[in-house]
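Per-entry structural report
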Amino acid sequence: MPAIRIPVMDLKPQVAPLREQILAAWAKALEQTAFCLGPEVEAFEQEFAQYCGAAHAIGVNSGTSALHVALAALGVGPGDEVLTTPYTFVATSWAVSYCGATPVFADIVPATFNLDPAAAEKALTRKTKAIIAVHLYGQPAQMDALCDLAKRKGLPLIEDAAQAHGAMFQGRRVGTFGTIGCFSFYPSKNLGACGEGGLCTTQDAALAAKLKLLRNHASSAPYRFDELGYNYRMENLQAAALRIKLPHLEGWNERRRAIAARYDELLKDTDVRTPAVGPERSHVYHLYVVRHRQRNALARHLEEAGIGTARHYPVPVHRQPAYAHLDIPEGAFPCAEQAARECLSLPMYPELSDAQVDEVAAAVKAWKP
Ligand SMILES: Cc1ncc(COP(=O)(O)O)c(C=O)c1O
């Protein structure tokens, strides 16, 4: 097998030009000797809240922690159900399970891979305590219908925006629609830390205070703990790096959109299905995901041509062994299951050159299924 010349994602060209700035910020943070939370975290929270248009931002140590602490702050616990999509990274569902609650799934809209609001409505029960919408691959979910559903049913709506920093629906940034927005700064995300990181956004001051309390052991005063808390503090060093990267996010997302448009154009007359963008959405292409019935053969062909690919996600959450106890049969969510069989992520990161995009597209076109 030839070496991969165009990887599916590459962080080196993003980090290299920022290296000196990040090292200088870390030197400053070392002098501050604030490591767990700290002044860089507070500054980053303000800057990220402003970027999103959210009233409050609460930094935590991962996207998974953001989702968990969000559900905990809303009082989700054993016996409750949380409705979400089965076609997501498993952490969306982990957060529900960490609370002792049960994830209940509804199928996706095949064109956008996001939670189908009509299916979600049908799956609600008297036990449903919250809804989690995921802005998968960087495309906002159908937020008007989902907000309307949550409002009609009196349920909190959480946005899993781990893949969608800066994406917009009707001109408004994700993370500002739901009761709480949850972001991941895992290094490969559109905005990535140099390690782990996450954040919750909210417009509600009382919820913001609760999230701040819970992420820091629920310590209301020195060595006083009125409820179960968590060590989910964001690290000062990570916030320092994120502050350097944040001003580049818009440019990086713009470049991702340009790469996606180039792929769309080059692949439009092939039988590989390119991603569709729903109306009134600004997609930030965390991933560029195409579909084909013979996805595995296409992946092998591209690998032989030195092009990296990935499968996001080959097994939907309800079919994972970890959720076997839910006893959800194959065929329960046919749209999610078909997507899991057909999806293939092509190389996508802002530093990809046009020539590299052309090379990937040419290799796709040269494939004879
Ligand atoms: C949709 C989604 N939700 C949640 C997470 C969890 O984020 P983290 O890896 O920062 O815990 C991720 C990413 O890994 C994700 O893609």
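Here, residues in each chain are numbered from 1, in the same order as that chain's written sequence. Whole-chain, interface and lining totals are the exception, using all residues; otherwise, since this is a predicted model, local features are given only for residues with pLDDT of at least 70 and side-chain atom pairs are given and counted only at 80 or more. Only hydrogens and water are set aside; all other atoms, that is, all heavy atoms of the structure, feed into the side-chain values.

As for the site of the ligand
Heads up, the condition is: Near is defined per residue: the residue qualifies when any heavy atom it owns lies within 4 Å of the molecule or strand. Two N or O atoms form a polar contact when they lie within 3.5 Å of each other; inside protein one atom must be a possible hydrogen donor and the other a possible acceptor, and for residues adjacent in sequence the pair counts only when both atoms belong to side chains. Under the convention used here, a 1.4 Å probe and the Shrake-Rupley method define accessible areas, while residue burial counts only the protein chains that appear. The way it works is a 1 Å grid over only the protein atoms, where trapped points that fit a 1.4 Å probe form a cavity and open points with protein on both sides within 12 Å along at least five of seven lines form a pocket, and then any residue with an atom within 4 Å of a point lines it. Pocket occupancy is defined atom-wise: a molecule lies in a cavity or pocket when more than half of its atoms are within 2 Å of its grid points. Secondary structure elements are defined from DSSP: runs of H or I of at least 4 residues count as helices, runs of E of at least 2 residues count as strands, and each element is numbered from the N terminus. Gly falls in the polar group here, along with every residue not listed as nonpolar (Ala, Val, Leu, Ile, Met, Phe, Trp, Tyr, Cys, Pro) or charged (Asp, Glu, Lys, Arg).
What surrounds the ligand is a group of 15 residues, the closest being Gly63, Thr64, Asp160, Ser184 and Lys189. Side-chain polar atom of Gln163 to an oxygen atom of the ligand: 2.8 Å apart, as the coordinates give it. Measuring from an oxygen atom of the ligand, one finds a side-chain N or O atom of Lys189 at 3.0 Å. The fraction of the free accessible surface of the ligand (380 Å²) that becomes covered by protein chains is 93%. Assessed atom by atom at 2 Å from the grid points, the ligand resides in the largest pocket. Where the shell around the ligand is concerned, the elements lending two or more residues are helix H4 (63–73) and helix H5 (91–98). Tallied by class, the residues present in the shell around the ligand amount to 5 nonpolar, 8 polar and 2 charged.

So, the packing of aromatic side chains
Rule in force here: Here a pair means two rings of Phe, Tyr or Trp (six-membered ring of Trp) with centres within 6.5 Å. Their orientation is stacked below 30 degrees between planes, edge-to-face above 60, and tilted elsewhere. Burial classes: relative accessible area under 20% of the type maximum marks a residue as buried, over 50% as exposed, and values in between as partly exposed (1.4 Å probe, protein chains only).
Within this structure, the stated rule accounts for 16 aromatic pairs. Centroid distance Phe48 to Phe185: 5.5 Å. Interplanar angle 85°. Geometry classified as edge-to-face. Within this pair, whereas Phe48 is found in helix H3 (residues 39–52), its partner Phe185 is found in the loop between strand S8 (180–184) and strand S9 (198–202), the two being separated by 137 residues in sequence. Accessibility classification places Phe48 together with Phe185 in one group, the buried group. When the centroid spacing of 5.1 Å and the interplanar angle of 15° are considered together, the rings of Tyr230 and Tyr232 count as stacked.

Remarks on the pairing of strand S13 (residues 288–291)
Going by this rule: By this definition, two strands are paired if DSSP reports at least two bridges between them.
Covered by surrounding structure in S13 are Tyr288 and Val290 together with Val289 and Arg291, the residues of both alternating faces. One ladder, built from 4 bridges, connects S13 with strand S14 (residues 343–346); its direction is antiparallel. Directly across from Tyr288, in S14, lies its bridge partner Leu346.

Here we look at empty space enclosed by the protein
Note the cut-off: Grid points are joined across faces, edges and corners, and a volume is the space filled by probe spheres set on the points.
As enumerated under the stated definition, the model contains 2 cavities of 30 Å³ or more in all. In this structure, the largest cavity is lined by Ala111, Thr112, Phe113, Tyr137, Gln139, Pro275, Ala276, His283, Leu287 and Val289. Among the residues forming the lining of the largest cavity, the class breakdown is 7 nonpolar, 3 polar and no charged. The computed volume of the second largest cavity comes to approximately 40 Å³. Every residue lining the second largest cavity is listed: Met9, Asp10, Leu11, Gln14, Pro187, Ser188, Lys189, Arg256, Tyr349, Pro350 and Glu351. Taken together, the residues of the lining of the second largest cavity break down into 5 nonpolar, 2 polar and 4 charged.

Remarks on the layout of surface pockets
Put simply, the rule reads: Boundaries of every domain are those given by an automatic assignment or by a domain database.
In this structure, the largest pocket encloses a volume near 490 Å³. Top element by residues in the lining of the largest pocket is H4. It accounts for 3 residues. Of the residues contributing to the lining of the largest pocket, the split by class is 12 nonpolar, 11 polar and 4 charged. Each of domain 1 (12–105 + 113–247) and domain 2 (248–366) accounts for three or more of the residues forming the lining of the largest pocket.

Here's the deal with the environment of Glu351
For clarity, the cut-off: Whether two residues are in contact is decided by their heavy atoms, any of which lying within 4.5 Å being enough.
Mapped onto the elements of the fold, Glu351 is located in the loop between S14 and helix H13 (354–366). Beyond its immediate chain neighbours, meaning those up to four positions away, Glu351 contacts Asp10, Pro13, Gln14, Trp252 and Gln356.

Some details on the domain arrangement of the chain
Put simply, the test is: Here the buried area means the combined drop in accessible surface, using a 1.4 Å probe, for two parts upon being joined, counting both sides. One speaks of a salt bridge when a side-chain nitrogen belonging to Lys or Arg is within 4 Å of a carboxyl oxygen belonging to Asp or Glu.
When the domains of the chain are assigned, the result is domain 1 (12–105 + 113–247) and domain 2 (248–366). Once you take the C-alpha centre of each, domain 1 and domain 2 turn out to be 24 Å apart. Listed per partner, the contact involves 40 residues of domain 1 and 36 residues of domain 2. Across the interface of domain 1 and domain 2, roughly 3200 Å² is buried in total on both sides, 60% from carbon and sulfur atoms. When residues of domain 1 are sorted by the area they lose upon contact with domain 2, Tyr87, Tyr137 and Asn190 head the list and together hold 22% of the total. Applying the counting criterion to the domain 1 and domain 2 interface returns 1 salt bridge. Residue Arg173 pairs with Glu250 through a salt bridge whose shortest N-O separation is 3.6 Å. For the pair domain 1 and domain 2, the number of links is 25 residue pairs in polar contact (both at pLDDT 80 or more). Partitioned by chemical class, the residues of the side of domain 1 that touches domain 2 number 23 nonpolar, 14 polar and 3 charged.

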